[in-house]
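Single-letter residue listing:
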Amino acid sequence: MEISSTITETQPQKFALPVDSEHKATEFRLFSVAAPHMRAFHLSWISFFACFVSTFAAPPLLPIIRDNLNLTATDIGNAGVASVSGAVFARIAMGTACDLFGPRLASASLILLTAPAVYFTSIASSPVSFLLVRFFTGFSLATFVSTQFWMSSMFSTPVVGTANGVAAGWGNLGGGATQLIMPLVFSVIRDIGAVKFTAWRIAFFIPALFQTLAAFAILIFGQDLPDGNYQRLQKSGAKQKDKFSRVFYHGITNYRGWILALTYGYCFGVELTVDNIIAEYFYDRFNLKLHTAGIIAASFGLANLFSRPAGGIISDRMASRFGMRGRLWALWIIQTLGGVFCIILGQVGSLSASIIVMIIFSVFVQAACGLTFGVVPFVSRRSLGVISGMTGGGGNVGAILTQLIFFKGSKYSKETGITLMGVMIVCCTLPIFLIYFPQWGGMFCGPSSEKIATEEDYYLSEWSSNEKEKGLHQASLKFADNSRSERGRRVHSAAMPSNGTPPTTV
Amino acid sequence: MAARGLLLASFLLFSCFAETYGMISFSSLPRTLVVTASHRQGLLKADEDKITVIWGLNQSFPAGTDSAYTTIKVKLCYAPISQVDRAWRKTVDHLSKDKTCQFKIVSRPYSNTNQTFQWTIECDVPTATYFVRAYAFNAEDHEVAYGQNTDAKKTTNLFEIQAITGRHVSLDIASVCFSAFSIVALMGFFFAEKRKGRKAQQ
């Protein structure tokens, strides 16, 4: 009772964008930098982009690095696996940190703590040190979770898929941009006069500095929620500080989080794997120059400019017509097609066919990533961070598994590895059939006709009656109301639910 | 004598065919050149040590063997031990796809007499075990013969080269300084936030 009056006590804030009852923006205006919504969007995608550039800065320069550090194919494979392993637990930890401390502090801290790993790449001198710097640099990919969390906190249900998709897609662009940037920076430094084995080391300062500056920007210009930062809101009582154990428990006991973690491993995990192997694949298989292989490899990651956002937009469009069931169907279809094109990529033998198939494959796989995060914001409200972290972590686990099974050492040729990876994508996408929301249904079943069939029931089940008495569940209540659009077109003709009306309106 | 001539003719014929199809295979090349490489004892250092290469026609071959030779290219090649688990250094019979010899030591027009060259090991040569091979090219720039300082199995006369690290003290210092700055800046921000929070409460 007191909580809502505290919120309305402060002057009603004016926002540049139209907002809902939680002050989340209901529109997404790409070319605006208005605080707090669009500014948060631009800060989060740029910083995530910087982390991607750093994590995948080594692959395009591997033909030089492997000679300098005397690496074998096994060493390179191990370092590739290491680069995506760190983020598995970092993403889950980041999810929890966002729930507890807010995305601004959580992401800026991580970015500044991993910047040293990028600086130290310049002084790597052996396979072991190379593996270590790639491992620690990879932790920075956990900023993905803070990006998604931040977008889910700033943008309302009709546009959350789009906001998530564009932010993550433009961040993932870093994986492609780095394949262009690093060879370019390297050749500029070499032309200035440095020898090859020194030029690549100097080149690593560029992503490192970019990362450091991005973190500063977040700390100076960013804000956790539309109403302010966590610390200030918690002190004024407007936001309740939640308990870690409860947040964590409700996250990991939600089976939908685990299924999405698995399927995300086979769209995003595959994307990470390809970022690691594709430049070397084109360089070695088609005898291209380093520069050319880098450009082709870059086009894989650069497709993220439109393909992941397209996934988010498709998810939102499907939801407006078919609700959550539409989101799930679109995700399954597009990710499975991604797997099919991956199989074809491993089979084609000519350079031009490989490039074309690779681009089609990238569009489908990246759109699937965007579609996944059209579903994630609805799995849990209380433990949004943990679910985002689990799904994100699952993405990295998929990358580890595929690299270990298909791309380590000399067991499979890269072409065979790519085909087998495609088969695994198709198989690991099937579990989406099992996702079911009582209030909205699943792929094959409609919403439940039993009593637990409203949005309020689903989201409030995360709070105990004790906690509800204290009024800790208010945000979830608002979210449940805002999420009614996930019923699809039927919303307009559906009557308001008879139970679950918030007591504070009395 | 006639048999040798026949052998030579068939070699030349074969290499003509290979040229037509554009795929010259290493196994088709006759080993008519003699190559020796001398260097100081021990591990050679890139950018410092020198290798002296001497090459010439093996005089036991009949006159006229070298009629097609226009240019000689001497190359530094990886020994089998340095090719293990490194597919980018693989030995393949088709010369256009072969990656054994990736560094050019010298290229000279062919001459009847023995030639010498002293080569300072370049700074982009990686740490590995090597041997030296010379290819003879004809006027169409196709390989027609070769010679190497090791045996057919590439086990003798190998030498090791150690690469430069590429590191410099200034780079080391810059890395450490920037890293420290990032951490200190983060702590600075936290401190400033706490102070702001305390001020707001007052």
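Residues numbered from 1 in each chain as written. Chains lettered and ligands numbered in written order. Predicted model: local features only at pLDDT ≥ 70, side-chain atom pairs only at ≥ 80, totals over all residues. Heavy atoms only, no water.

**Structural notes on the overall build of chain A**
Keep this limit in mind: Here a helix means four or more residues in a row that DSSP labels H or I, a strand means two or more in a row labelled E, and each is numbered from the N terminus. Summary of the burial criterion: residues with accessible area below 20% of their type's maximum are buried, those above 50% are exposed, and those between are partly exposed, where the area comes from a 1.4 Å probe applied to protein chains only. Note on areas: Shrake-Rupley with a 1.4 Å probe; residue coverage comes only from the protein chains shown. Here the positive residues are Lys and Arg and the negative ones are Asp and Glu; neither His nor the chain ends is included. Note that the charge is assigned to NZ on lysines, CZ on arginines, CG on aspartates and CD on glutamates.
Secondary structure summary: chain A contains 23 helices and two strands in total. With the C-alpha coordinates of chain A rotated into their principal frame, the extents come out at 75 × 45 × 40 Å. With 506 residues in all, chain A has 62% of them scored as buried. In the form shown here, chain A has an accessible surface area of approximately 18000 Å², with 66% of it arising from carbon and sulfur atoms. Distance from the positive charge centre (38 side chains) to the negative charge centre (27 side chains) of chain A: 3 Å.

**With respect to the overall build of chain B**
Rules: Here, two residues are considered to be in contact whenever any of their heavy atoms come within 4.5 Å of each other.
Broken down by element type, chain B carries two helices and nine strands. Start at the N end of chain B and walk to the C end: the helices and strands fall as α-β-β-β-β-β-β-β-β-β-α. When burial is assessed residue by residue, chain B has 41% of its 202 residues classed as buried. Contacts in chain B between residues at least 24 apart in sequence constitute 73% of all its contacts with a sequence separation of at least 6.

**Examining the interface of chain A and chain B**
Test applied: Simply put, the buried area is the total loss of 1.4 Å probe accessible area from both parts when two parts are fitted together. Basic side-chain nitrogens of Lys or Arg form a salt bridge, by our definition, when they fall within 4 Å of a carboxyl oxygen of Asp or Glu. Polar contacts here mean pairs of N or O atoms no more than 3.5 Å apart (in protein, one a potential hydrogen donor and the other a potential acceptor; neighbouring residues in sequence count only if both atoms are side-chain atoms).
Between chain A and chain B, the contact holds 42 residues from the first and 34 residues from the second. When the two sides are added together, the surface that chain A and chain B hide from each other amounts to roughly 3200 Å², 62% of it contributed by carbon and sulfur. The three residues of chain A that bury the most area against chain B are Asp-67, Ile-123 and Phe-197 of chain A, which together make up 16% of that side's buried surface. Counting across the interface, chain A meets chain B through three salt bridges. A salt bridge links Asp-67 of chain A to Arg-89 of chain B; the nearest nitrogen and oxygen atoms lie 3.1 Å apart. Put simply, chain A and chain B have 14 residue pairs in polar contact (both at pLDDT 80 or more) between them. With ten residues, the single largest contributor to the side of chain A that touches chain B is helix α5 (residues 103–121) of chain A.

**Comments concerning helix α2 (residues 37–55) of chain A**
As a reminder, the rule being used: Helices are assigned an expected span. That span is 1.5 Å times one less than the residue count.
Here α2 of chain A contains 19 residues, and its C-alpha end-to-end distance of 27 Å stays within 8% of the 27 Å for a straight helix at 1.5 Å per residue. Counting buried positions over the 19 residues of α2 of chain A gives 17, a clear majority of the element.

**Looking at the state of the cysteines**
Residue and element names in this part refer to chain B. Note the threshold: By definition, disulfides here are pairs of cysteine sulfur atoms that lie within 2.5 Å.
Counting across every chain of the model gives one disulfide over all chains. Here Cys-77 engages in a disulfide with Cys-101; their sulfurs sit 2.1 Å apart. Across the disulfide from Cys-77 to Cys-101, rotation about the S-S bond amounts to roughly 100 degrees, and the bridge is consequently right-handed. With a gap of 24 residues between them, Cys-77 in strand β4 (residues 71–78) and Cys-101 in strand β5 (residues 101–109) connect regions that are remote in the sequence. As far as burial versus exposure is concerned, Cys-77 and Cys-101 are alike and both buried.

**Side note on the UniProt feature "transmembrane region" (unreviewed entry) in chain B**
Convention followed: UniProt positions are given in the numbering used here, feature names are shortened, and annotations may be inferred rather than shown by experiment.
When the UniProt feature table is mapped to this numbering, "transmembrane region" (unreviewed entry) covers residues 173–192 of chain B. Along residues 173–192 of chain B one finds 100% helix and 0% strand; the C-alpha atoms at either end are 28 Å apart.

**Topic: the layout of surface pockets**
Applicable threshold: Only protein atoms enter the 1 Å grid used here. Points where a 1.4 Å probe fits but cannot escape make up a cavity, open sets with protein on both sides within 12 Å along at least five of seven lines make up a pocket, and a residue lines them when an atom lies within 4 Å of a point. Grid points are joined across faces, edges and corners, and a volume is the space filled by probe spheres set on the points. Charged residues are taken to be Asp, Glu, Lys and Arg, nonpolar residues to be Ala, Val, Leu, Ile, Met, Phe, Trp, Tyr, Cys and Pro, and polar residues to be all remaining types, Gly included.
What the second largest pocket holds in volume is close to 790 Å³. Together, 31 residues line the second largest pocket, and Asp-284, Lys-414 and Glu-415 of chain A together with Ala-87 and Trp-88 of chain B are the ones closest to its centre. Secondary-structure elements contributing two or more residues to the lining of the second largest pocket are α4 (73–101), α14 (268–285), α19 (384–406) and α20 (414–429) of chain A. With six residues, α14 of chain A is the largest single contributor of residues to the lining of the second largest pocket. Tallied by class, residues from the lining of the second largest pocket come to 13 nonpolar, eight polar and ten charged.

**Side note on helix α12 (residues 244–252) of chain A**
All names here are of chain A. Rules: In this description, one arc is meant: the one made by directions from the helix axis to the C-beta atoms.
Those residues of α12 that fall on the buried side of the exposure criterion are Val-247, His-250 and Gly-251. Along the axis of α12, the buried residues cluster in a sector spanning 105 degrees; they form a single face. Looking at the buried residues of α12, the elements they touch are α4 and α19.

**Regarding a positive patch on the surface**
In plain terms, the rule: Residues enter a patch when their relative accessible area is above 30% and they make no salt bridge; the linking distance is 9 Å between like charges and 5 Å between nonpolar side chains (Val, Leu, Ile, Met, Phe, Trp, Tyr).
A cluster of basic residues, Lys-194, Arg-195, Arg-198 and Lys-199 of chain B, forms a positive patch on the protein surface. As for its position among the elements, Arg-195 of chain B is in helix α2 (residues 169–201).

**Notes on the packing of aromatic side chains**
Filter applied, for reference: Aromatic rings from Phe, Tyr and Trp, with only the six-membered ring used for Trp, were paired whenever their centres fell within 6.5 Å, and each pair was classed as stacked if the ring planes differed by under 30 degrees, edge-to-face if by over 60, and tilted otherwise. In this scheme, Lys NZ or Arg CZ marks a charge over a ring once it lies within 6 Å of the ring centre and within 35 degrees of the ring normal.
Applying the stated rule across the entire model yields 48 aromatic pairs over all chains. Aromatic pair Phe-28 of chain A and Phe-41 of chain A: ring centres 5.0 Å apart, planes at 85 degrees, arrangement edge-to-face. Taken together, the residues span a long stretch of sequence, with Phe-28 of chain A in the loop between α1 (2–9) and α2 and Phe-41 of chain A in helix α2 at a distance of 13 residues. Grouping residues by exposure puts Phe-28 of chain A and Phe-41 of chain A together as buried. An aromatic cluster of three or more residues is present, and its members are Phe-28, Phe-41, Trp-45, Phe-49, Phe-155, Trp-170 and Phe-210 of chain A. Residue placement shows Lys-73 of chain B over the ring face of Phe-137 of chain B; its charged tip is 4.3 Å from the ring centre.

**Section: the sheet that holds strand β6 (residues 115–120) of chain B**
All names here are of chain B. Worth spelling out the cut-off: A pair of strands is considered paired only if DSSP assigns at least 2 bridges between the two. To obtain an axis, a line is fitted to C-alpha atoms, over the contacting stretch when the element is a helix, and the angle between two such axes runs from 0 to 180 degrees between their N-to-C directions.
Spatially, the three strands line up as an open sheet ordered β1-β3-β6, and their pairing is antiparallel. The sheet is open, and its two borders are formed by β1 (33–38) and β6, each paired with just one other strand. Pairwise comparison of adjacent strand axes, ignoring direction, gives a mean angle of 20 degrees for this sheet. Bridge count for strand β3 (residues 50–57) against β6 is six bridges, and the pairing is antiparallel. Directly across from Ile-51, in β6, lies its bridge partner Trp-119.

**Remarks on empty space enclosed by the protein**
Residues and elements named next belong to chain A. Inspection of every chain in the model, using the stated rule, returns four cavities of 30 Å³ or more. Taken as a whole, the second largest cavity holds about 80 Å³ of empty space. Around the second largest cavity, the lining comprises 14 residues; the ones closest to its centre are Lys-24, Ser-152, Phe-155, Pro-377 and Phe-479. Each residue belonging to the lining of the second largest cavity can be placed in one class, and the counts come to five nonpolar, five polar and four charged.

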